[in-house]
Amino acid sequence: MQNTISGKNMDFFGKDWLIQDSVLWTLLIFATLLTFIIPFVARYWKVNLLDLIVSPTKARDTICKMSQNQRKAHLWITATLDVAYPLSYGGLFAGAAMRFFPRGPYLVVPALLAIVMDLTEGGIQILALKSTYDFLDFKRYITPLKFGFAFLGLGLALIGFASELLRGVGS
């Protein structure tokens with residue numbers, strides 16, 4: 001889908017769209033807000049979030065200790081806020097990688113894998129919270145991968161931003 005905005009030919013869902021200042025700033029704002037909103041909502045409902053738990057046994061114990069209202073609250077947090085969160089931080093990291101490292105398209109992979117791992121983890125948690133299926137054993141792999149890919153994506157974004165700043169200072 002091609003659009004012309006401000007005289008520029010842009011691919012709305014591709015690289016040209018994702019590397020725009022306005023898109024990157026919007027994703028940064030959403031990711032930052034969600035970083036604070038998710039724990040606030042979890043504290044309000046007195047929910048221990050499963051997203052930080054790697055151990056399947058500990059995740060099961062945490063779910064067993066939850067009331068029905070806490071399970072329902074966690075399910076809604078996971079199905080809404082924790083879907084928006086990886087899309088915002090992952091989009092930010094992917095956009096930064098594409099913008100700051102145009103000759104290294106493979107550097108977008110950690111951000112994309114972080115999104116996939118985070119959404120997969122959320123699906124597993126929803127199934128467990130609803131007592132539908134127990135795939136919590138996979139958390140022992142998915143949760144560390146999620147954090148690893150997210151931190152790698154963040155690191156690449158920060159390195160790209162710092163090098164851009166240094167280039168600007170040097171010119």
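Residues numbered from 1 in each chain as written. Predicted model: local features only at pLDDT ≥ 70, side-chain atom pairs only at ≥ 80, totals over all residues. Heavy atoms only, no water.

A. Inspection of a nonpolar patch on the surface at higher detail. Taken together, the side chains of Trp-25, Leu-28, Ile-29, Leu-33 and Ile-37 present a nonpolar region at the surface, about 480 Å² in accessible area. For Leu-28, the location among the structural elements is in helix α2 (residues 21-44). (Patch = residues over 30% accessible without salt bridge, like charges linked within 9 Å, V, L, I, M, F, W, Y side chains within 5 Å. Areas by Shrake-Rupley, 256 points an atom, 1.4 Å probe, with all protein chains shown as cover. Salt bridge = Lys/Arg side-chain N within 4 Å of Asp/Glu carboxyl O. Helix = DSSP H or I, 4+ residues; strand = E, 2+ residues; numbered from the N terminus.)

B. View of the packing of helix α4 (residues 68-100) against helix α5 (residues 109-129). It is the contact of α4 with α5, at a shortest axis distance of 9 Å, that shows an interaxial angle of 175 degrees. Judged on the interaxial angle alone, α5 and α4 are roughly antiparallel. Along the lines of polarity and charge, the residues of the contact of α4 with α5 split into 16 nonpolar, 6 polar and 3 charged. (Axes fitted to C-alpha atoms, helices over the stretch in contact; angles between N-to-C directions. Parallel < 35°, antiparallel > 145°, perpendicular 65-115°, else oblique. Nonpolar A, V, L, I, M, F, W, Y, C, P; charged D, E, K, R; others polar.)

C. Just the environment of Thr-80, in detail. In this fold, Thr-80 is placed in helix α4. Residue classification places Thr-80 among the partly exposed residues on the basis of a relative accessible area of 38%. In this structure the side chain of Thr-80 is engaged in a polar contact, spanning 2.5 Å, whose partner is the backbone oxygen of Trp-76. (Buried < 20%, exposed > 50% of the residue type's maximum accessible area, 1.4 Å probe, protein only. Polar contact = N/O pair within 3.5 Å; in protein donor to acceptor, adjacent residues only side chain to side chain.)

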